[in-house]
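Structural overview for review
Each chain, written out:
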Amino acid sequence: MFEHIYAKFKGNKQACDANYLPYFERVAVTFPTNEQMVADSGQNLKNKLKDILVQHKIRK
């Protein structure tokens, strides 16, 4: 899943809720390619499997 949150404001920045302030420092990014999302998913899966193996003390 791809998620990137950013925001822009007009007017008094101090009038905004403090929860929104970090979003103002971010900028728009391009949507990742299918290849990049597949690679990222593979890395996430690898890390989760590694954690499961470590939890169950299964080693090479």
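A brief structural summary. Computed from a prediction, not measured in an experiment: that's the story for all the values here. (Residues numbered from 1 in each chain as written. Predicted model: local features only at pLDDT ≥ 70, side-chain atom pairs only at ≥ 80, totals over all residues. Heavy atoms only, no water.)

1. Digging into the environment of Lys-10
Applied cut-off: Numbered from the N terminus, helices here are DSSP runs of H or I no shorter than four residues, and strands are runs of E no shorter than two.
Here Lys-10 shows up in the segment before helix H1 (21–24). Placed 36 residues apart in sequence, Lys-10 and Lys-46 show a C-alpha to C-alpha distance of 43 Å.

2. Notes on a nonpolar patch on the surface
Note the threshold: The patch calculation keeps residues exceeding 30% relative accessible area without a salt bridge and links them within 9 Å when they carry like charges or within 5 Å when they are nonpolar (Val, Leu, Ile, Met, Phe, Trp, Tyr). Surface accessibility follows the Shrake-Rupley procedure with a 1.4 Å probe radius. Residue values consider only the protein chains on display as shielding. We count a salt bridge whenever a side-chain nitrogen from Lys or Arg sits within 4 Å of a carboxyl oxygen from Asp or Glu. Burial here depends on accessible area, computed with a 1.4 Å probe over protein chains only, as a share of the maximum for the residue type. Under 20% is buried, over 50% is exposed, and the range in between is partly exposed.
A contiguous nonpolar surface patch, about 300 Å² in accessible area, is contributed by Phe-2, Val-29 and Phe-31. You can see Phe-31 is positioned in the loop between H1 and helix H2 (34–55). Classification of Phe-31 as exposed rests on a relative accessible area of 56%.

3. Structural notes on the environment of Pro-32
Heads up, the condition is: Note on definitions: a residue-residue contact is assigned when non-hydrogen atoms from the two residues lie within 4.5 Å.
In this structure, Pro-32 sits in the loop between H1 and H2. Taking the C-alpha atoms as reference points, Pro-32 and Phe-2, separated by 30 residues in sequence, lie 7.8 Å from one another. When sequence neighbours within four positions are dropped, the list of residues in contact with Pro-32 reads Phe-2 and Met-37.

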